[in-house]
Amino acid sequence: MSSLILNNIFRFVVLVLIQVLLLKDLELGGTNFNYIQVYVYPVLLFLLPVNINRSYLLLYGFFLGLVIDMFYGSPGMHASACVFVAYVRQVILRGLEPRGGYNESYSPTKYRMGVTWFLRYMAIMLGIHLFFFFSVEAFSFAYLQSILLKTISSFIISFIVIGIYVFISNPKD
Amino acid sequence: MRDLINYIVKNNSLFLFLLLEGIALYLVVQYNRHPNQIWFSTTGVFSGALMEKYDEAKQFVYLSEVAKELADNNAKLYEKLDASRFDNLVVIDSANVDVFKQQYTFMSAKVVDNSINLNNNTIRLNRGRKHGIKPHSGVIGNNGIVGIITDVSENYSIALSLLHRQTNISCALSKNGYFGALRWESNNPQKMILNDIPKHADVAVGDSIVTSGYSDMFPGGVYVGAIDSIWVRPGSGAYKIQVHLSNDLSRLQYAYIVSNLMKEEIETLEAQVSDE
């Protein structure tokens, strides 16, 4: 149990530092296609245990979002996206439930659930996260085209980066 | 009543969700109206210190380029020295020191944090109240204007970048003085739009755009960029002009904060006018 908490704290520190020190400054699209932002920190929410108390999950998401907002200078934007993803996570886990059910104390990781399952789960969660985030950032669906463009291009790159992280570190829980 | 309480207890995660989401969105809305003073002063303490350390390390990469830019700037300044000008003045009857009174002062500052890929970008500088910086001061870089200070804490200040949806700076064509409002309407950090230039004005691609000097934040004549393309929005009597910024905000390392020494005088004068 305590190793689970330690793992998560360690993961939190490492991924947040990678996010705010490296990925924040990347300008992959250059000046002409300024629609690509790389986010690796949402995976922190994906990897928490299946049976985690939903209220704790929400508070964790809120805190994580505020920390990211602090460095991005965007009060509330990442926090709102994180809280939203934390809230819908259970619904998505139920939707993807394998035939035998989950082992409730495990975390939904690639190690526990297999590559195909995990990639699908990650794609859905990341897609929701980014779409919600870019909508809040624009704060109006009048910019739907730019929101979608940003969501799709950022999704592709973030998916690859998170994939690399998961395949390299291959966390158990 | 009891049913209601039971419902709340059972579904407490929904209420927690609504509460947290409400707080987050409230922050977003507050921030969209004006960069939030409280947010800035509390978080600046943590993230500002770390960012400054990180930036010091990152600077080594750009050191040679910065040195070159500084050398160029020095050269320009040498040109402005009295010693490097030819003295045409033959007769001096009375020296009047008041003729050229200093109006703007410039304080160099280091860029501690900067973004260009959001809709509303801000810049954090390592000069604050302690150094005499006040909100609504202009910020210029080596190659042109950069933004406007909006919030000041003890050691840091935050500036609205040019690349912010609320940016609105009075700029003019340098060749004939027609002026309009400069805004950032695209997602491209190199292009801004100059609005409200009347259709009868003589404009051409490549003309230079400078600050108009009508606001009390920037001295007039600071170079902003060159005209990229020109078109007329149907049904309006004014040009929309795309300006290519001379300053590459994505590589900003140092900036100068402009303080207007006569600002109070101007403000009192304007207050008198609005009182009448």
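Coordinates for the structure precede this section.
Reference entry: report on the structure contained in this document. (Residues numbered from 1 in each chain as written. Chains lettered and ligands numbered in written order. Predicted model: local features only at pLDDT ≥ 70, side-chain atom pairs only at ≥ 80, totals over all residues. Heavy atoms only, no water.)

Residues and elements named next belong to chain A. It is at 9 Å that the axes of helix 4 (residues 77-95) and helix 6 (residues 115-138) come closest, and there the two elements cross at 145°. Crossing angle aside, the handedness with which helix 4 passes helix 6 is right-handed. Counting all contacts with helix 4, which are made through Met77, His78, Ser80, Ala81, Cys82, Phe84, Val85, Val88, Arg89, Ile92 and Leu93, the residues of helix 6 involved are Trp117, Tyr121, Ile124, Met125, Ile128, His129, Phe132, Phe133, Val136 and Glu137. Residue composition of the contact of helix 4 with helix 6, grouped by class: 16 nonpolar, three polar and two charged. (Axes fitted to C-alpha atoms, helices over the stretch in contact; angles between N-to-C directions. Helix = DSSP H or I, 4+ residues; strand = E, 2+ residues; numbered from the N terminus. Left-handed = near helix turned anticlockwise from the far one by under 90°. Contact = heavy atoms within 4.5 Å. Nonpolar A, V, L, I, M, F, W, Y, C, P; charged D, E, K, R; others polar.)

Time to look at the sheet that holds strand 12 (residues 254-260) of chain B. All names here are of chain B. Pairing is antiparallel in the closed barrel, where six strands are placed in the order 1-2-5-4-3-12. If you compare each strand with its neighbour and ignore which way they point, the axes differ by 45° on average. Pairing analysis gives five bridges linking strand 4 (residues 144-152) to strand 5 (residues 157-164), with the strands arranged antiparallel. Its bridge partner being in strand 5, Ile148 is matched across the sheet by Leu160. (Pairing = 2+ DSSP bridges.)

Another point: the interface of chain A and chain B. It is common to report an interface's size as the accessible area lost on association of the parts. Chain A puts 37 residues into the contact, and the matching count from chain B is 35 residues. Our enumeration of links across chain A and chain B arrives at one salt bridge. The shortest N-O distance in the salt bridge between Lys24 of chain A and Asp113 of chain B comes to 2.7 Å. Counting across the interface, chain A meets chain B through three residue pairs in polar contact (both at pLDDT 80 or more). Taken together, the elements giving at least two residues each to the side of chain A that touches chain B come down to helix 1 (2-22), helix 3 (54-72), helix 4, helix 6 and helix 7 (144-169) of chain A. It is helix 3 of chain A that provides the largest number of residues to the side of chain A that touches chain B, a total of ten residues. A per-class count over the side of chain A that touches chain B returns 21 nonpolar, nine polar and seven charged. (Salt bridge = Lys/Arg side-chain N within 4 Å of Asp/Glu carboxyl O. Polar contact = N/O pair within 3.5 Å; in protein donor to acceptor, adjacent residues only side chain to side chain.)

Another aspect to go through is the side chain of Glu21 of chain B. Within the element layout of this structure, Glu21 of chain B appears in helix 2 (residues 12-33). Comment: no salt bridge for buried Glu21 of chain B; closest opposite-charge side chain is Arg54 of chain A, at 11 Å. Within the structure, Glu21 of chain B has its side chain in polar contact with the backbone nitrogen of Phe84 of chain A (distance 3.4 Å). Non-local contacts of Glu21 of chain B, meaning those with residues more than four positions away in its chain, are made with Ser80, Val83, Phe84 and Phe132 of chain A. (Buried < 20%, exposed > 50% of the residue type's maximum accessible area, 1.4 Å probe, protein only. Lys, Arg positive; Asp, Glu negative; His and termini not counted.)

Residue and element names in this part refer to chain A. As enumerated under the stated definition, the model contains 15 aromatic pairs over all chains in all. A centroid spacing of 6.2 Å and a plane angle of 70° characterise the contact between Phe46 and Tyr121, whose relative ring orientation is edge-to-face. Here Tyr121 lies in helix 6 and Phe46 lies in helix 2 (residues 43-46), a separation of 75 residues in the sequence. Overall, Phe46 belongs to the buried group, its relative accessible area being 0%. (Phe/Tyr/Trp six-rings, centres within 6.5 Å; stacked < 30°, edge-to-face > 60°.)

Along any regular strand the residues' side chains alternate between the sheet's two faces. Residue and element names in this part refer to chain B. As judged from the seven bridges shared by strand 1 (residues 104-114) and strand 12, these two strands associate in the antiparallel manner. Each residue of the ladder has a partner; that of Met107, found in strand 12, is Ile257. By the bridge criterion, three bridges tie strand 3 (residues 138-141) to strand 12 in an arrangement that is antiparallel. Bridge pairing in strand 12 links Gly138 to Val258.

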